[in-house]
Amino acid sequence: MTVTELPGSGTEEPRAGTGADGAAEEYSVWPATTTEEPGGRVLIAGVPLDDIADAHGTPVYVLDEAEIRYRCRTYRSAFPDADVHYAAKAFLCRGLVRLVDEEGLGLDVCSAGELELAVTAGFPPERILLHGNAKSPADLDTALRLGVGRIVIDSASEIARLAAAVGPRGHQKVMLRVTPGVGAGGHAKIRTGTDDQKFGLSLRDGHAQHAVARVLGQPQLELTGLHCHLGSQITGTKPYLTALRRLVGLTARIRDAHGVVLPELDLGGGHGIAYRPGDPVLDPTALARRLRAALAESCAAARLPVPRLLVEPGRAVVGPAGVAVYRVLAVKTTPGRAFVAVDGGMSDNPRPALYGVRYAPRLIGRRSSAPTARTTVAGRHCEAGDILAEDVALPADLRPGDLLAVPVAGAYHLSMASSYNLVGRPPVVAVRDGAARLLVRRETLEDLRARDVGL
Ligand SMILES: Cc1ncc(COP(=O)(O)O)c(C=O)c1O
Ligand SMILES: N[C@@H](CCCC[NH3+])C(=O)O
């Protein structure tokens, strides 16, 4: 079998990405194990995607295990003295929990559900952080029952609730989420470091300092450090450096006011990835180098010991490892463009509708010699806005039955999937060394019907 590599998808190191601060260069958006046969079949980790589509139906999500492990290892070696917590909200299933554990990362969860799933899959609770701007009683009770490593307090009203739940003889390590007044992220809806939004306690208006005093007044809560999460899909290092300096400044003021030196500092996640060739990315190694230097400098200036750094990447760990495979159900042309409708859509990937994100789908399973046409890839749902990719160049001869694959589908697709129109959520198949393994089965009508208890 002759196998050629996809353009730009080689194993020649380009996936380490561009330098920080965004210098865009041609960058593969397919997992590094991707290959293509002359007839147009595309393989990941040696497994043809069309075989997976035949075996499991479509839509189907494929996760390249080697890509995830590579990304976990890149983070571990970029941040050797820090704790890297994978942000489970990007995507979570038991197979992934095991893999992240094997790679030595911690976990960041934000609900009792994510927490229970991780711990029952064998993840050590002490390596888990619990987040949430509105933690439910179940979230807090589960965290305390399972013994999570840290709970990140997000609001003043949470302090007394948590202290009461821990009880006077209990003990819980906590961090405090601060908004450092830094706006960053790929879309307004995913910027969380500014002051006037639902997350965290503002540094600027003094609420953060006030909350610190209240937490320190609760003997059962051990404040280990400050936390911030600036936003998601950030492609430059500057916002992180600004936030770091502001948080070190607050750490120094806490030392001065209370005589307490906080041993940890969590800068959250948000590291940007490429969805299309040429998109800028945030290189974790460059980020780590700059954070380390800035931390050393700011701490020296404030005469503070350097705290242990924590980071929480989600998208950058799993996003580029995922490929969504759809089957074309219908085609139509208007005077302006061609529409190709597939068997998934906003129920498995709401990101284009939510944030206007642009993807680069391609035909797989056969090679076409037709010229390309401006094509809009539409989903199957009952909304005109259910568009997966607008104005992309695809072969003009696409027809029902063809397979389209969308790379960089590993993060915030299935974790945000819905049961809109009761189509059922797609399965997840992991590939490794020429073998495919089902991680999550397809949601069936029976699953959906089982929730509906009737009149
Ligand atoms: C507190 C926190 N940490 C980490 C993440 C992970 O972000 P990303 O997947 O962009 O790395 C998020 C989501 O944006 C978050 O809210
Ligand atoms: N869900 C968003 C990112 C938000 C991350 C969660 N705090 C996305 O799809 O890009």
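Please read all numbers here as calculations on a predicted model, not as lab measurements. (Residues numbered from 1 in each chain as written. Chains lettered and ligands numbered in written order. Predicted model: local features only at pLDDT ≥ 70, side-chain atom pairs only at ≥ 80, totals over all residues. Heavy atoms only, no water.)

Q: So what's going on with the pairing of strand β15 (residues 338–342)? Residues and values would help.
A: Here β15 shows a clear split, with Ala338, Val340 and Val342 buried on one side and none of Phe339 and Ala341 buried on the other. Of the pairings in the sheet, the one linking strand β14 (residues 322–333) to β15 comprises five bridges and is antiparallel in character. Each bridged residue has a counterpart across the sheet, and for Lys332 the counterpart in β15 is Phe339. Between β14 and β15, which follow one another and run antiparallel, lie four residues. In this structure, β15 lies alongside strand β17 (residues 372–378), joined through four bridges in parallel fashion. Following the sheet pairing, Ala341 is matched in β17 by Ala378. (Buried < 20%, exposed > 50% of the residue type's maximum accessible area, 1.4 Å probe, protein only. Helix = DSSP H or I, 4+ residues; strand = E, 2+ residues; numbered from the N terminus. Pairing = 2+ DSSP bridges.)

Q: Lay out the nonpolar core with the relevant residues and their values.
A: Ranked by size, the top nonpolar core spans 128 residues in total, and within it Leu49, Phe79, Tyr86, Leu226 and Val325 carry the most contacts. Here this core takes nine residues from helix α8 (residues 238–258), the largest share from any one element. (Core = buried A, V, L, I, M, F, W, Y, C linked by side-chain atoms within 4.5 Å.)

Q: Account for the site of ligand 1, naming residues and giving values.
A: His229, Ser232, Glu312, Arg315 and Tyr412 are the nearest of the 15 residues found near ligand 1. Within the side chain of Ser232, an N or O atom sits 2.3 Å from an oxygen atom of ligand 1. With respect to ligand 1, the backbone of Gly314 contributes an N or O atom lying 2.9 Å from an oxygen atom. For ligand 1, whose free accessible area comes to 390 Å², the fraction covered by protein is 92%. When the residues that make up the shell around ligand 1 are grouped by side-chain class, the tally is three nonpolar, seven polar and five charged. (Near = heavy atom within 4 Å. Polar contact = N/O pair within 3.5 Å; in protein donor to acceptor, adjacent residues only side chain to side chain. Areas by Shrake-Rupley, 256 points an atom, 1.4 Å probe, with all protein chains shown as cover. Nonpolar A, V, L, I, M, F, W, Y, C, P; charged D, E, K, R; others polar.)

Q: Go over the pairing of strand β9 (residues 172–179) with me, naming the residues and quoting the values.
A: For β9, a buried count of seven out of eight residues is recorded, marking the element as mostly surrounded by other parts of the structure. Across three bridges, the pairing between strand β8 (residues 150–153) and β9 is parallel. Opposite Val152, over in β9, you have Met175 as the bridge partner. The handedness of the β8 to β9 crossover, carried by helix α6 (residues 156–166), is right-handed. (Right-handed = clockwise from strand over helix to strand, strands pointing away.)

Q: Describe the packing of helix α7 (residues 207–216) against α8, and please don't skip the residues or the numbers.
A: Between α7 and α8, whose axes approach to 11 Å, the crossing angle comes to 50°. One element, α7, and the other, α8, form an angle in the oblique class. The two elements α7 and α8 meet at a crossing, and its hand is right-handed. For the pair α7 and α8, the contacting residues are Ala208, Gln209, Val212, Ala213 and Leu216 in the first and Leu250, Arg253, Ile254 and His258 in the second. Tallied by class, the residues present in the contact of α7 with α8 amount to six nonpolar, two polar and one charged. (Axes fitted to C-alpha atoms, helices over the stretch in contact; angles between N-to-C directions. Parallel < 35°, antiparallel > 145°, perpendicular 65-115°, else oblique. Left-handed = near helix turned anticlockwise from the far one by under 90°. Contact = heavy atoms within 4.5 Å.)

Q: Could you give an account of the packing of α8 against helix α9 (residues 284–301), with specific residues and numbers?
A: Running from N to C, α8 and α9 point in directions that differ by 30°, and their axes come no closer than 10 Å. The angle between the axes of α8 and α9 places the two elements in the roughly parallel class. Relative to α9, α8 is oriented so that their crossing is right-handed. Here Tyr240, Leu241, Leu244, Arg245 and Val248 of α8 come into contact with α9, specifically with Leu287, Arg290, Leu291, Ala294, Leu295, Ser298 and Cys299.

Q: Could you give an account of the site of ligand 2, with specific residues and numbers?
A: Around ligand 2, a shell composed of Lys89, Ile190, Ser232, Arg315, Arg351, Tyr355, Tyr412 and Met416 is seen. At 2.7 Å, a side-chain N or O of Arg315 approaches an oxygen atom of ligand 2. Between Arg351 and ligand 2, the recorded distance is 2.6 Å, taken from a side-chain N or O atom to an oxygen atom. A total of 310 Å² of accessible area belongs to ligand 2 in isolation, and the protein chains cover 82% of it.

Q: Provide a residue-level description of unusual backbone geometry, including the pertinent values.
A: In this model, Thr58 is joined to Pro59 through a cis peptide bond whose omega is -10°. Here Pro59 shows up in the loop between α1 (49–56) and β4 (60–64).

Q: Account for the environment of Gly183, with residues named and values stated.
A: Relative to the elements of secondary structure, Gly183 occurs in the loop between β9 and β10 (201–202). A C-alpha to C-alpha distance of 30 Å links Gly183 and Val148, two positions 35 residues apart in sequence. Beyond its immediate chain neighbours, meaning those up to four positions away, Gly183 contacts Arg191 and Thr194.

Q: If you had to explain the packing of aromatic side chains to someone new, which residues and values would you point to?
A: This model, assessed by the stated rule, comprises two aromatic pairs. Judged by centre distance (6.2 Å) and plane angle (10°), the rings of Tyr75 and Phe79 are stacked. Each of the two residues, Tyr75 as well as Phe79, counts as buried. Relative to Tyr359, the ring of Tyr275 lies with its centre 5.4 Å away and its plane at 80°, an arrangement referred to as edge-to-face. Of this pair, Tyr275 sits in the loop between β12 (264–266) and α9 while Tyr359 sits in the loop between α11 (351–355) and β16 (362–364), and the two are 84 residues apart along the sequence. (Phe/Tyr/Trp six-rings, centres within 6.5 Å; stacked < 30°, edge-to-face > 60°.)

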